[in-house]
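Each chain is listed here by its residues.
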Amino acid sequence: MNGAPSSVEFGILEDAPLREAWPHEAHVFTPWLAANLDSLGQELGIDLELEGVEVAVGPYSADILATDPRSGGRVLIENQLEEGDHRHLGQIMTYLTGLDARTVVWVAPRFRAEHLSAIRWLNEHTAEAFNFFAVKLRVVRIGASPYAPLFEVLERPNDWDRQIQAVVRETSEASPVTLFRREFWAFM
């Protein structure tokens, strides 16, 4: 190495305020996200096909409803430009049931530890058909370059844990002790 300075010019990657890129959540960010589901889907490892935006669930509206073409399951996407909060966690549960979704993707720039814990709990304690994701949203740029969105999955379903739990359930359901208990209680 000759120690000569590089002729390549480097910039500094900097976070930009989300509202510089998307001034309004419902009118700007949600439509942008709906048009760019492939970027989000790539981070999640899921193909996403748009079903609708601001989809009615009773008197409420879910931000985005998509379909995973591989499974045929519905994917609910709740997005925010502010930190995740209790209100949105409750909305997610309402929309999940009202739209018969199997996967929930919650997108926000920050999540409280309690909300990440709730998503983790849902992944560990709901039926295998349900999947919950918490996705951190950032916008970056170098100098005056165009904005670049970044998605970082903070919580996701742990398929390995679910496979182990399924094996344990199958084993316990078919064990001699379980069969004896079923027969015993069937005669009571």
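Analysis parameters
- Residues numbered from 1 in each chain as written.
- Predicted model: local features only at pLDDT ≥ 70, side-chain atom pairs only at ≥ 80, totals over all residues.
- Heavy atoms only, no water.
- Core = buried A, V, L, I, M, F, W, Y, C linked by side-chain atoms within 4.5 Å.
- Buried < 20%, exposed > 50% of the residue type's maximum accessible area, 1.4 Å probe, protein only.
- Helix = DSSP H or I, 4+ residues; strand = E, 2+ residues; numbered from the N terminus.
- Contact = heavy atoms within 4.5 Å.
- Polar contact = N/O pair within 3.5 Å; in protein donor to acceptor, adjacent residues only side chain to side chain.
- pLDDT = per-residue confidence, 0-100.
- Phe/Tyr/Trp six-rings, centres within 6.5 Å; stacked < 30°, edge-to-face > 60°.
- Pairing = 2+ DSSP bridges.
- Right-handed = clockwise from strand over helix to strand, strands pointing away.
- Salt bridge = Lys/Arg side-chain N within 4 Å of Asp/Glu carboxyl O.

1. Overview of the nonpolar core
If you look at the biggest cluster of nonpolar residues, it comprises 24 residues, and the most contacted ones within it are Leu40, Leu44, Leu48, Ile77, Val105, Val107 and Val135. If you list the elements that add at least two residues to this core, you get helix H2 (25-35), helix H3 (37-44), strand S3 (60-67), strand S4 (74-79), strand S5 (103-108), strand S6 (131-142) and strand S7 (148-155). Top element by residues in this core is S6. It accounts for four residues. Discounting chain neighbours no more than four positions away, the residues touching Ile77 are Leu33, Leu37, Leu40, Leu48, Asp63, Ile64, Val105 and Val107. Counting 20 residues, the second largest nonpolar core, distinct from the first, contains Val57, Ile92, Tyr95 and Phe132.

2. A few points about the side chain of Asn123
The topology assignment puts Asn123 in helix H5 (residues 113-125). In this structure the side chain of Asn123 is engaged in a polar contact, spanning 2.8 Å, whose partner is the backbone oxygen of Phe132. Polar side-chain contacts of Asn123 include one of 3.4 Å to the backbone oxygen of Arg156.

3. Some thoughts on the confidence of the model for the chain
Residues shown with low pLDDT carry predicted positions that ought not to be read at fine detail. Of the residues in the chain, 82% have a pLDDT of 70 or more, and the chain-wide mean is 88. Confidence, read as mean pLDDT per element, is least for helix H6 (residues 159-174) in the chain (54) and greatest for S5 (98).

4. Comments concerning the packing of aromatic side chains
Taken as a whole and judged by the stated rule, the model has four aromatic pairs. Ring geometry for Phe29 against Trp32: centres 6.2 Å apart, planes inclined by 15°, an arrangement best described as stacked. In this pair, Phe29 and Trp32 both sit in helix H2, three residues apart, roughly one turn of the helix. Among the residues examined, Trp32 registers a relative accessible area of 23% and is labelled partly exposed. Site record: aromatic cluster; members linked through ring pairs are Trp22, Phe29 and Trp32.

5. Overview of the pairing of S5
Burial analysis of S5 places six of its six residues in the buried class, the great majority of the element. Two strands pair when backbone bridges link them, and S4 and S5 are joined in this way by five bridges, in the parallel orientation. Among the inter-strand pairings, Leu76 is bridged to a residue of S5, identified as Val104. Crossover handedness for the path S4 to helix H4 (residues 86-99) to S5: right-handed.

6. Examining the pairing of S6
Pairing between strand S1 (residues 13-15) and S6: three bridges, direction antiparallel. Each bridged residue has a counterpart across the sheet, and for Glu14 the counterpart in S6 is Arg141. Pairing between S5 and S6: six bridges, direction parallel. By the bridge assignment, Trp106 is partnered in S6 with Ala134. Where S6 folds back onto S7 in an antiparallel hairpin, the turn is made up of five residues, including Gly143, whose phi is positive at roughly 60°.

7. Side note on the pattern of salt bridges
Scanning the model with the defined rule gives seven salt bridges in all. Two residues, Glu51 and Arg74, come together in a salt bridge whose shortest N-O distance is 2.7 Å. Taken together, the residues span a long stretch of sequence, with Glu51 in strand S2 (residues 49-57) and Arg74 in strand S4 at a distance of 23 residues. Assessed through its relative accessible area of 29%, Arg74 is described here as partly exposed. Of the charged contacts, one joins Arg112 and Glu114 as a salt bridge, the two residues approaching to 3.4 Å between their closest N and O atoms. Residue classification places Arg112 among the partly exposed residues on the basis of a relative accessible area of 42%.

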